[in-house]
Amino acid sequence: VLARVRTHLSLHNMQLPLKELVAERTKELEAEVAERKRTERTLLDHQQRLKALAAELTVAEERERRRIATDLHDNVGQNLALALLQLAAAGSAIDDAAVQDQLEEIAEILSSAVRDIHELMFELSSLTLETLGLGAAIIEWVEHKIKPQYGLVVDVVDKHDRGRIGHLQRVIMFRNVRELLTNVLKHAQADKATVLLEQEEGAIRVTVNDNGIGFNPEHMQRNVSPNGGLGLFSIEERLSDLDGSLVIESKAHHGTKIIMTVPHSETAEGPAR
């Protein structure tokens, strides 16, 4: 009996420091878990701030582009147009054929500068994007930049609700579509592409489809795709800033389909349904 009592006492004496060690370690683990949660919350806050800053930067960039385009139109473009009118008036008042030829050459140079100004304004900012919406801006860009210069046929089908997409979403999606169609021209070896704008529950979906040579979407993760991998990565990042998504469906010699989705904007025109 004494031996058994001594054994139980020894076990009890050994359990006391073990319990203290377990309690101490438990407190340390709880402190570590709490610190990790605080770190995760801090990282999440920073990520949200970065997204907000990226969105603000995009809006600021678009605003500056529009300001520059407006200045070009109101100042440089108007002055060049006025100079052309004055030059034409001066030419009609001069009888010297040699001087008239020189004036005509100057007028041609000024006309070329006016065309360049208009082209630069178009590249800087799309007035149609703000006045008529995303679909109309894409159609205008295709008609102005792709149809006259390349053999690519682009069909634009607009089924989305203009009142459900905000300014930032319009700007980002317009930029993304332009980059995707530029990639098609450069890399896809396609002769036809389709841009489809659709409405779905709580979001706007834009699909760009081509009948080109296709590529391996896994290469996009390493930014080594011959079909504009780095551009696709940038597009994915911009969509992520809007809580959107990018889906790539592509196969060698079977074309490429890229689906971009962004949620409805809380500040979009009209009530969100």
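Residues numbered from 1 in each chain as written. Predicted model: local features only at pLDDT ≥ 70, side-chain atom pairs only at ≥ 80, totals over all residues. Heavy atoms only, no water.

Caption draft 1: Representation of the pairing of strand β1 (residues 153-158) within the structure. In terms of strand pairing, β1 meets strand β2 (residues 192-200) through six bridges, oriented parallel. In the strand pairing of β2, V154 is matched with A193. Taken together, β1, helix α5 (residues 167-188) and β2 form a β-α-β motif whose crossover is left-handed. (Pairing = 2+ DSSP bridges. Helix = DSSP H or I, 4+ residues; strand = E, 2+ residues; numbered from the N terminus. Right-handed = clockwise from strand over helix to strand, strands pointing away.)

Caption draft 2: Molecular detail of unusual backbone geometry. Notably, D243 is not glycine yet its phi reads approximately 60°, a positive angle. Counting through the fold element by element, D243 comes out in the loop between α6 (229-241) and β4 (245-250). Looking at D243, the relative accessible area reads 57%, which means it is exposed. The phi dihedral of H253 falls on the positive side, at around 65°, and the residue is not glycine. (Buried < 20%, exposed > 50% of the residue type's maximum accessible area, 1.4 Å probe, protein only.)

Caption draft 3: Quick peek at the environment of E20. As for its placement among the helices and strands, E20 is situated in helix α1 (residues 2-92). Counting along the chain gives ten residues from E20 to E30, while the straight-line C-alpha distance between them is 15 Å.

Caption draft 4: Broad picture of the pattern of salt bridges. Counted by the stated rule, this structure contains 17 salt bridges. E28 is the partner of R25 in a salt bridge, and the nearest nitrogen-oxygen pair spans 2.9 Å. Separated by three residues within a single helix, R25 and E28 lie in helix α1, roughly one turn from each other. Judged by its relative accessible area of 40%, R25 is partly exposed. E28 gets classed as partly exposed once you look at its relative accessible area, which sits at 36%. (Salt bridge = Lys/Arg side-chain N within 4 Å of Asp/Glu carboxyl O.)

Caption draft 5: Region of the structure containing the nonpolar core. Counting residues in hydrophobic clusters, the biggest one holds 39 residues, and the most contacted among them are L134, I138, V154, L181, V195, V206 and M260. Listed by contribution, the elements that provide at least two residues to this core are α4 (134-146), α5, β2, β3 (203-210), α6, β4 and β5 (256-263). Sort the elements by how many residues they give to this core and α5 lands first, with ten residues. If near-sequence neighbours (up to four positions away) are discounted, V195 is found in contact with I138, V154, D155, V156, V157, V177, L181, V206, T207 and V208. (Core = buried A, V, L, I, M, F, W, Y, C linked by side-chain atoms within 4.5 Å. Contact = heavy atoms within 4.5 Å.)

Caption draft 6: Spatial organisation of the pairing of β2. Judged from the eight bridges that link them, β2 and β3 form a sheet pairing that is antiparallel. Among the inter-strand pairings, V195 is bridged to a residue of β3, identified as V208.

Caption draft 7: Expanded view of helix α2 (residues 97-124). With 28 residues, α2 should reach 40 Å at 1.5 Å per residue; the first-to-last C-alpha distance of 40 Å fits that figure. Those residues of α2 that sit buried are L103, L110, V114, I117, M121, F122 and L124. Next to the buried residues of α2 lie α1 and α4. Its side-chain oxygen 2.9 Å from the backbone nitrogen of A98, D96 forms the N-cap of α2. (Expected span 1.5 Å × (residues − 1). Polar contact = N/O pair within 3.5 Å; in protein donor to acceptor, adjacent residues only side chain to side chain.)

Caption draft 8: Looking closely at the layout of surface pockets. Quantified by volume, the largest pocket comes out at close to 260 Å³. If you trace the largest pocket, you find 13 residues lining it, with A69, M121, S125, S126 and L127 closest to the centre. If you list the elements that add at least two residues to the lining of the largest pocket, you get α1, α2 and α3 (127-131). A per-element tally of the lining of the largest pocket places α1 first, with five residues. (1 Å grid on protein atoms, 1.4 Å probe; cavity = no way out; pocket = protein on both sides within 12 Å on 5 of 7 lines; lining within 4 Å. Points joined across faces, edges and corners; volume = space filled by probe spheres on them.)

Caption draft 9: View of the packing of α2 against α4. Remark: α2 packs on α4, axes separated minimally by 12 Å, with the N-to-C direction vectors making an angle of 140°. Considering their axes alone, α2 and α4 lie oblique with respect to each other. Pair α2 / α4 crosses with left-handed handedness. Here E119, F122 and E123 of α2 lie close against α4, whose contacting residues are E140, W141, H144 and K145. Looking at the contact of α2 with α4 residue by residue, the classes come out as two nonpolar, one polar and four charged. (Axes fitted to C-alpha atoms, helices over the stretch in contact; angles between N-to-C directions. Parallel < 35°, antiparallel > 145°, perpendicular 65-115°, else oblique. Left-handed = near helix turned anticlockwise from the far one by under 90°. Nonpolar A, V, L, I, M, F, W, Y, C, P; charged D, E, K, R; others polar.)

Caption draft 10: Main features of a negative patch on the surface. A cluster of acidic residues, D95, D96, D101, E104 and E105, forms a negative patch on the protein surface. Considering the arrangement of structural elements, one finds D95 in the loop between α1 and α2. (Patch = residues over 30% accessible without salt bridge, like charges linked within 9 Å, V, L, I, M, F, W, Y side chains within 5 Å. Areas by Shrake-Rupley, 256 points an atom, 1.4 Å probe, with all protein chains shown as cover. Lys, Arg positive; Asp, Glu negative; His and termini not counted. Charge placed at Lys NZ, Arg CZ, Asp CG, Glu CD.)

Caption draft 11: Representation of a nonpolar patch on the surface in the model. A surface patch of nonpolar side chains, amounting to about 320 Å² of accessible area, comprises V1, V5 and L9. Tracing the sequence through the fold places L9 in helix α1. With relative accessibility at 48%, the residue L9 sits in the partly exposed group.

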